[in-house]
Amino acid sequence: MELTSSKEPQVQIVTVQEQRIDASVALSFKDRMREITEGEKDTVVLDLNHVQFIDSSGLGAIVAAMKILSPERKLILAGLTPTVDKVFKLTRMDSVFGVFSTVEAALKDLKG
Amino acid sequence: MTKGAPQLSFTVSLTGKEDAVRIGLAEAMALLAPLELDADEAGTVELVLAEALNNIVEHALAATDGDTAIQIHAKHGPNGLQVAIIDEGVPMPLGKAPDGNAPTLDVETLDMPEGGFGWFMIHSLAQQVQYQRVGESNHLNLLLAVGL
């Protein structure tokens, strides 16, 4: 499960460098998210633009990541591709997370 | 009116181990190519199959350490894609598929549910969901209104 991280003022951008967050990697995603965000204080924007598919396990792992960061830090999602977006809309999880089409849009919203 | 593809029918076999689900799913999706499903319908099929297969591995085959096979039989017709997923694991409790009510999201962040969405997604995306225990096998029959 490859995640990369970059910094903007007051924001940590975590990019998922995988095409799938499914049952076989959900636990690994959760662990890697915890590691890569550890010790920071900023809001996290999770860039999912490479991810083509998540199942309910992947969704659960993203929720778990949000809970690990909570309450001090927010988890915001960006770059949801169609099937990933379908899962969030179907489960109404798009109302639980801030969701933006791009990282740029998320950053703009955070500044404003 | 079905699209121009000849009646599509195939079987995919996979072991009950977790990594096999990805491979079996990819094989099934590739075999559906003649239907020329648009991205949205393909996404629907992939989600339903993934959830059903994950459920089988997690529950029905957990006791057998994944040493038995799962079969996916798919057939396309005028009503859409009929899929029968067959495994030799333990029966479904209550003798039927879970209803799949989604857990409530009306909770504090720290209580947000991380699971329980699988059957909800299957029921939301499939036209028909039916479970049958046949001898020592579980049969999950699904109808997906795609490729119509």
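Residues numbered from 1 in each chain as written. Chains lettered and ligands numbered in written order. Predicted model: local features only at pLDDT ≥ 70, side-chain atom pairs only at ≥ 80, totals over all residues.

## Remarks on the overall build of chain A
Which entries qualify depends on this criterion: The way it works is that DSSP assigns letters per residue, a run of H or I at least four long becomes a helix, a run of E at least two long becomes a strand, and they are numbered from the N terminus. Radius of gyration here is computed from C-alpha atoms only, and the compact-globule reference equals 2.2 Å multiplied by the residue count raised to the power 0.38. The burial label depends on the number of other C-beta atoms within 10 Å of a residue's C-beta. Counts of 20 or more mean buried, 12 or fewer mean exposed, and intermediate counts mean partly exposed, with C-beta atoms placed from the backbone. For every residue pair, C-beta atoms are placed from the backbone, and the pair is scored as a contact if these atoms sit within 7 Å.
Looking only at helices and strands, chain A features 4 helices and 7 strands. The N-to-C order of helical and strand elements in chain A reads β-β-β-α-β-β-α-β-α-β-α. Computed over the C-alpha atoms, the radius of gyration of chain A is 13 Å, within 12% of the 13 Å expected from 2.2 N^0.38 for a compact globule of 112 residues. Its C-alpha atoms put chain A at 35 × 25 × 25 Å along the principal axes. Within chain A, buried positions represent 46% of all 112 residues. Put simply, 75% of the contacts in chain A that link residues at least 6 apart link residues at least 24 apart.

## Topic: the overall build of chain B
Secondary structure summary: chain B contains 3 helices and 5 strands in total. Walking chain B from its N terminus toward its C terminus, one meets helices and strands in the order β-α-α-β-β-α-β-β. Each of the 148 residues in chain B was classed as buried or not, and the buried ones make up 34%.

## Some words on the pairing of strand β6 (residues 75–78) of chain A
Residues and elements named next belong to chain A. Applied cut-off: Between any two strands, pairing holds if DSSP finds at least two bridges. Look down the strands so they point away from you; if going from the first strand over the helix to the second traces a clockwise path, that crossover is right-handed.
Covered by surrounding structure in β6 are Leu 75 and Leu 77 together with Ile 76 and Ala 78, the residues of both alternating faces. Bridge count between strand β4 (residues 43–47) and β6: 4 bridges; the pairing is parallel. Its bridge partner being in β6, Val 44 is matched across the sheet by Leu 75. After leaving β6, the chain enters helix α3 (residues 82–90) and then returns to the sheet as strand β7 (residues 98–100), a path that is right-handed.

## Re helix α2 (residues 39–60) of chain B
Rules: Each helix should span, by expectation, one fewer than its residue count multiplied by 1.5 Å.
In this model α2(B) runs 31 Å from its N-terminal to its C-terminal C-alpha over 22 residues, within 8% of the 32 Å that 1.5 Å per residue would give. Of all 22 residues that make up α2(B), 16 are buried, and the element is covered over most of its length.

## Here's the deal with the environment of B:Val57
Residue and element names in this part refer to chain B. For Val 57, the position within the fold is in helix α2. Exposure remark for Val 57: the 24 C-beta atoms within 10 Å place this residue in the buried category. Considered as a pair, Val 57 and Ile 70 are 13 residues apart in the sequence and their alpha carbons are 8.9 Å apart.

## Brief notes about the interface of chain A and chain B
For clarity, the threshold we go by: Following the grouping adopted for this structure description, the nonpolar residues are Ala, Val, Leu, Ile, Met, Phe, Trp, Tyr, Cys and Pro, the charged ones are Asp, Glu, Lys and Arg, and the polar ones are all others, Gly among them.
Contact residues are listed per partner, giving 23 residues for chain A and 23 residues for chain B. If you list the elements that add at least two residues to the side of chain A that touches chain B, you get α2 (56–69) and α3 of chain A. Its residues assigned to classes, the side of chain A that touches chain B shows 11 nonpolar, 7 polar and 5 charged.

## Considerations on α2(A)
For α2(A), with 14 residues, the first-to-last C-alpha span of 20 Å sits near the 20 Å given by 1.5 Å per residue. Among the 14 residues of α2(A), 12 are classified as buried, and the element is accordingly described as predominantly covered.

## A closer look at the pairing of strand β5 (residues 137–144) of chain B
For a regular strand, the rule is simple: side chains alternate between the two faces of the sheet. Residue and element names in this part refer to chain B. Of the two faces of β5, the one holding Asn 138, Leu 140, Leu 142 and Leu 144 is buried and the one holding Ser 137, His 139, Asn 141 and Leu 143 is not buried anywhere. Relative to β5, strand β4 (residues 128–134) runs antiparallel, the two sharing 7 bridges. Bridge pairing links Gln 128 to Leu 143 in β5.

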